[in-house]
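These are the residues of each chain, in order.
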Amino acid sequence: MADPAFSLAPQPDGATGVLVLADGQVAWGRGFGAVGEAVGEVCFNTAMTGYQEVMTDPSYASQIVTFTFPHIGNVGTNAEDMESHGVPGAVGCVVREDVTAPANFRAQGTFQAWMEAQGRIGISGVDTRALTRRIRVSGAPNAVIAHNPEGTFDLPALLEKARAWQGLEGLDLAIAVTRKDREEWEGSLWHLGEGYTLPEGTAPGDSGRPHVVAMDFGAKDNIFRNIVAAGADVTVVPAKTTAEEILALKPAGVFLSNGPGDPAATGAYAVPVIQKLLAADMPIFGICLGHQMLGLAAGARTTKMNQGHRGANHPVQRKDDGVVEITSMNHGFAIDNTPGALPETVIETHVSLFDGSNCGIAIAGKKAFGVQYHPEASPGPQDSFYLFEKFVGMLG
Ligand SMILES: NC(=O)CC[C@H](N)C(=O)O
């Protein structure tokens, strides 16, 4: 789309950062964080808080996040608001305003220094509304984000790199972000002033707590904390664990995590495992990528969305009672729910109020269900924590 606010403008004085889209459009700004260049798909996120969690959500691997909220970085960073450790998440971010000095009692450092330490590239001073409009109209573009304090950029080379990248479709990224080894999960929800605490009166390993095996496709830590808080013990296993290995751990139920990339590509190895777990009548709960792959295992298809859903205020409607949940989301693929596309055994339980896309399923005759959103972010009477309690309640 030819948008005058985001076009082919020449490099302005002082520009040390640039975003080069595969269609040749360029956005100039001021670089911060790591120096260098990275390729990915540009998406936008509408959350007003939680930039550190967004940047460390492994589901953003190979993506460049445009924050629509203009003031990003102004509460700094800290050691606790990490959704993952040492695995790739978003490769970079694009923000409107220059990042100011942190003003928050929890801040342990600046967003700029944190981005540099994490090897992620930022650009400020970009017209993020124009970029968001571009994505809404024409879909999420592939691009290169580059930062050079000297201000010199080889634009043709950057453009070539953006064009040469294969894109997210068909890409299995779970394999790059999954844990390499099995891990007994410890720790529960974080509370201000208390850190990570366990549910009152219980502790992992207590007899009587059901055992959940969680397949890690690039999980956000908070999801495991929620399962523990709901009353289960969690063993996290790598993405390529077999059904036999999982069943040998004698789980009461299996959790399928969120993760980056195309569910169809990841599903090439995970779907047969999920099918065996379904056949074994295992209770299963999937979130985001896990939800999508549960759908694939039951015979549904997934498709790439035009702009995806990313933010902390996405309305999702429960089909059984019409209640609307305000959810936290990050996905660019969805289970195809166009008329006739869902197999009879896949019951749609939740839909997006934005675009009617699928946001939740249950598998007929099985204790298996999935949602397309991160349920930790809906406080109040419609608190989506109920889904974790529902899952743990199914475990014998
Ligand atoms: N949050 C997620 O698990 C994302 C799932 C998948 N990679 C998507 O983009 O749709």
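Residues numbered from 1 in each chain as written. Predicted model: local features only at pLDDT ≥ 70, side-chain atom pairs only at ≥ 80, totals over all residues.

## Considering the domain arrangement of the protein
For interface size, the figure often reported is the accessible area lost on association.
At step 1: If you check the domain split of the protein, you get domain 1 (17-164) and domain 2 (174-394).
At step 2: Inter-centroid distance (C-alpha atoms) of domain 1 to domain 2 is 27 Å.
At step 3: With 21 residues of domain 1 in contact, the opposing surface of domain 2 contributes 21 residues.
At step 4: Secondary structure elements with two or more residues in the side of domain 1 that touches domain 2: strand S3 (36-45) and helix H3 (128-138).
At step 5: In terms of residues, the side of domain 1 that touches domain 2 owes the most to one element, S3, which gives three residues.
At step 6: Residues of the side of domain 1 that touches domain 2, tallied by class, amount to ten nonpolar, seven polar and four charged. (Domains from an automatic or database assignment. Contact = placed C-beta atoms within 7 Å. Helix = DSSP H or I, 4+ residues; strand = E, 2+ residues; numbered from the N terminus. Nonpolar A, V, L, I, M, F, W, Y, C, P; charged D, E, K, R; others polar.)

## Details of the sheet that holds strand S4 (residues 63-67)
Where strands meet in a sheet, backbone hydrogen bonds hold them as pairs that are either parallel or antiparallel.
At step 1: Spatial strand order, S1-S2-S6-S5-S4-S3-S7: seven strands in a closed barrel with mixed pairing. Neighbour to neighbour, the strand axes of the sheet diverge by 35 degrees on average, direction disregarded.
At step 2: Here three bridges tie S4 to strand S5 (residues 92-94), and the two strands are oriented parallel to one another. Paired with Val65 across the bridge in S5 is Cys93.
At step 3: The strands touched by helix H4 (residues 155-164) are strand S1 (17-21), strand S2 (26-33), S3 and strand S7 (142-147); relative to S7, the strand with the most contacts, the crossing angle is about 140 degrees. (Pairing = 2+ DSSP bridges. Axes fitted to C-alpha atoms, helices over the stretch in contact; angles between N-to-C directions.)

## Quick notes on the site of the ligand
At step 1: Taken together, Ser59, Asn258, Gly259, Pro260, Gly261, Pro263, Cys288, Leu289, Asn330, His331, Gly332 and Phe333 make up the full set of residues adjacent to the ligand.
At step 2: Here the element with the most residues in the shell around the ligand is strand S16 (residues 324-335); it accounts for four residues.
At step 3: Taken together, the residues of the shell around the ligand sort by class into five nonpolar, seven polar and no charged. (Near = placed C-beta within 6 Å.)

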